[in-house]
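# Structural overview for review
Now for the letters of each chain:
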Amino acid sequence: MTSSADITVDKVTLRYETAKTTVLALDGLSLSVKPNEFAVIVGPSGCGKSSLLYLIAGLEGITSGRISVGGKTVEAPGADRGMVFQSYTLFPWLTVAQNVEYGPKRRNVPEAARKELVEHYLSEVGLAEFRDHYPSQLSGGMKQRVAIARALANDPAVLLMDEPFGALDSQTRHTMQRLLLRVWDHSHKTVLFVTHDIDEAILLADRVFVMSGRPGQIRKVLNVDFARPRSSEIVLDPAFISMKREIMGLLKSDEGDDDH
Ligand code: ADP
Ligand code: MG
């Protein structure tokens, strides 16, 4: 339960071809994330953040360039890359425990080991008591906790998170941020996390990658050096505020590129 890997994105271009138009979503984008790093991407809406995560997940085909995870070129989805999306993607007909058990079961993990994984990750996200509930009986925050437990139960080398807390109220979002940092601290995963929320980006990240408007490229990479564990008080720190101002400035200069 400790595997983690680097992510290398090398001059990646993605063009969506539809019947009517072509959209250049990403244009020669390069970035690299280190093993065990918590990397956060921010960028204007429509700049290709989700597309980039889909490419890394192997859910979308690259137009040109190369992506590798742990030195292995990404060609298709794989258990080494776990995903958590903004929309709740649990299987509604399975219980909380069965949702978490789904991946290990597909990978033929023996039953006793599977049960152990389920219990471990459900207690990690504070949902052990809800193991027999169905997703419809859970709040949004609880569903995302299940989604995180489900992703981790596959022991992925990297965790790809696309605005996972974007639909949650601010109180729940703060709880989830703390929870995720704790889980990350225990699991030593490489995390690539997309958010709209600059406070969230700085609070979570080792490094923040700021993207330009479409076609997406990396405009700037900022090192976030605040000591961990970080309290929510750091938003009041002058260094935090100045970094926030810098990121806002970078994003603002892209306003107008956004046609969504
Ligand atoms: P973000 O997540 O940063 O908001 P996306 O990756 O969702 O951006 O989208 C990047 C661009 O690609 C947008 O202009 C979007 O409309 C376009 N796009 C996304 N998915 C598709 C698709 N399947 N077909 C055509 N265009 C798409
Ligand atoms: Mg998106």
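Relevant structure appears above.
In this report, the structure presented in the accompanying data block is examined. Sequence order sets the numbering: in each chain, residues are counted from 1 along the sequence as written. Chain letters start at A and ligand numbers start at 1, both assigned in the order the entries are written. Local features in a predicted model are, by the rule used here, given only for residues with pLDDT of at least 70; side-chain atom pairs are given and counted only at 80 or more, and totals for whole chains, interfaces and linings are based on all residues. To get the side-chain values, all heavy atoms of the structure are used, and hydrogens and water are removed first.

## Describing the sheet that holds strand 3 (residues 38-42)
Defined as follows: A strand pair is defined by DSSP finding two or more bridges across the two strands. A run of H or I in DSSP counts as a helix once it spans at least four residues, and a run of E counts as a strand once it spans at least two, with each numbered from the N terminus. Only the contacting stretch of a helix is used when fitting its axis, a line to C-alpha atoms as for every element, and angles between N-to-C directions run 0 to 180 degrees. It only takes one pair of heavy atoms within 4.5 Å for two residues to be counted as in contact.
Taken together, six strands build an open sheet; the order of strands is 6-7-8-3-9-10 and the sheet is mixed. If you trace the sheet from one side to the other, it starts and ends with strand 6 (81-84) and strand 10 (218-223), each paired once. Taking each pair of neighbouring strands and ignoring which way they run, the sheet shows an average axis angle of 20°. Judged from the four bridges that link them, strand 6 and strand 7 (residues 158-162) form a sheet pairing that is parallel. Looking across to strand 7, one finds that R81 is bridged to V158. Contacting strand 6 and strand 7, helix 4 (residues 140-152) runs over the sheet at an angle of about 175° to strand 6. Across the sheet, helix 7 (residues 238-252) is in contact with strand 3, strand 9 (207-211) and strand 10; its angle to strand 10 comes to roughly 175°.

## A look at the site of ligand 1
Just so we agree on the cut-off: In this text, near means that some heavy atom of the residue lies within 4 Å of the molecule or strand in question. The definition of a polar contact used here is a pair of N or O atoms within 3.5 Å, where within protein one atom must be able to donate a hydrogen and the other to accept one, and adjacent residues in sequence count solely through side-chain atom pairs. Here the accessible surface of atoms and residues is derived via Shrake-Rupley with a 1.4 Å probe, and residues count as covered only by protein chains that are part of the display.
Around ligand 1, the structure places 14 residues, and the nearest of them are G46, K49, S50, S51 and R214. Measuring from an oxygen atom of ligand 1, one finds a backbone N or O atom of C47 at 3.2 Å. S50 is positioned such that a nitrogen or oxygen atom in its side chain is 2.9 Å from an oxygen atom of ligand 1. When ligand 1 sits alone it has 560 Å² of accessible area, and the protein chains cover 69% of it. For the shell around ligand 1, the secondary structure elements donating two or more residues are strand 2 (22-33) and helix 1 (49-57).

## Let's talk about unusual backbone geometry
Going from R214 to P215, the amide bond is cis rather than trans, its omega being 0°. Of note, P215 is situated in the loop between strand 9 and strand 10. The residue after R228, namely P229, is reached through a cis peptide bond having omega -5°. Structurally, the position occupied by P229 is in the loop between strand 10 and helix 7. The phi torsion at N108 lies on the positive side, around 60°, for a residue other than glycine. Mapped onto the secondary structure, N108 falls in the loop between helix 2 (96-106) and helix 3 (111-124).

## Quick word on the packing of helix 2 against helix 4
Worth spelling out the cut-off: Geometric relationships in this document are graded by angle, where less than 35 degrees denotes roughly parallel, more than 145 denotes roughly antiparallel, 65 to 115 denotes roughly perpendicular, and other angles denote oblique. Throughout, a crossing is termed right-handed when the near helix is turned clockwise from the far one, and left-handed when it is turned anticlockwise from it by less than a right angle.
Between helix 2 and helix 4, whose axes approach to 7 Å, the crossing angle comes to 30°. As far as their axial angle goes, helix 4 and helix 2 are roughly parallel. For the pair helix 2 and helix 4, the crossing hand works out as right-handed. Taking contact as the criterion, the partners of V96, N99 and V100 in helix 2 are, on helix 4, V146, A149 and R150.

## Focus on the pairing of strand 4 (residues 64-69)
Relative to strand 4, strand 1 (residues 7-17) runs antiparallel, the two sharing five bridges. Of the residues in strand 4, the one forming a bridge with D10 is R66. Where strand 4 and strand 5 (residues 72-73) come together, two bridges link them in antiparallel fashion. By the bridge assignment for strand 5, S68 is matched with T73. What sits between strand 4 and strand 5 in their antiparallel hairpin is a turn of two residues, with G70 showing a positive phi close to 60°.

## Some thoughts on the nonpolar core
Rule in force here: The definition of a nonpolar core used throughout is a set of buried Ala, Val, Leu, Ile, Met, Phe, Trp, Tyr and Cys residues joined through side-chain atoms within 4.5 Å. Categorising residues by exposure relies on relative accessible area from a 1.4 Å probe, with only protein chains included: less than 20% of the type maximum marks a residue as buried, more than 50% marks it as exposed, and the intermediate range marks it as partly exposed.
Counting residues in each nonpolar core, the largest one holds 53 residues, and the members touching the most others are F38, I148, F193, V208 and I247. With seven residues, the single largest contributor to this core is helix 4. Ignoring anything within four residues of it in the chain, the contact list for F193 reads F38, A39, V40, I41, M161, P164, F165, L180, E200 and L204. Formed by 29 residues, the second largest nonpolar core is a distinct cluster that contains A5, L55, A57 and V194.

## Here we look at the pattern of salt bridges
To keep it simple, the criterion reads: What counts as a salt bridge is simple: a side-chain nitrogen of Lys or Arg found within 4 Å of a carboxyl oxygen of Asp or Glu.
Inspection of every chain in the model, using the stated rule, returns 13 salt bridges. Across the pair D199 and K244 runs a salt bridge, and its minimum N-O distance is 3.0 Å. Here D199, found in helix 6 (residues 198-204), pairs with K244, found in helix 7; they are 45 residues apart in sequence, far enough to count as distant. Its relative accessible area of 26% is what places D199 among the partly exposed residues.

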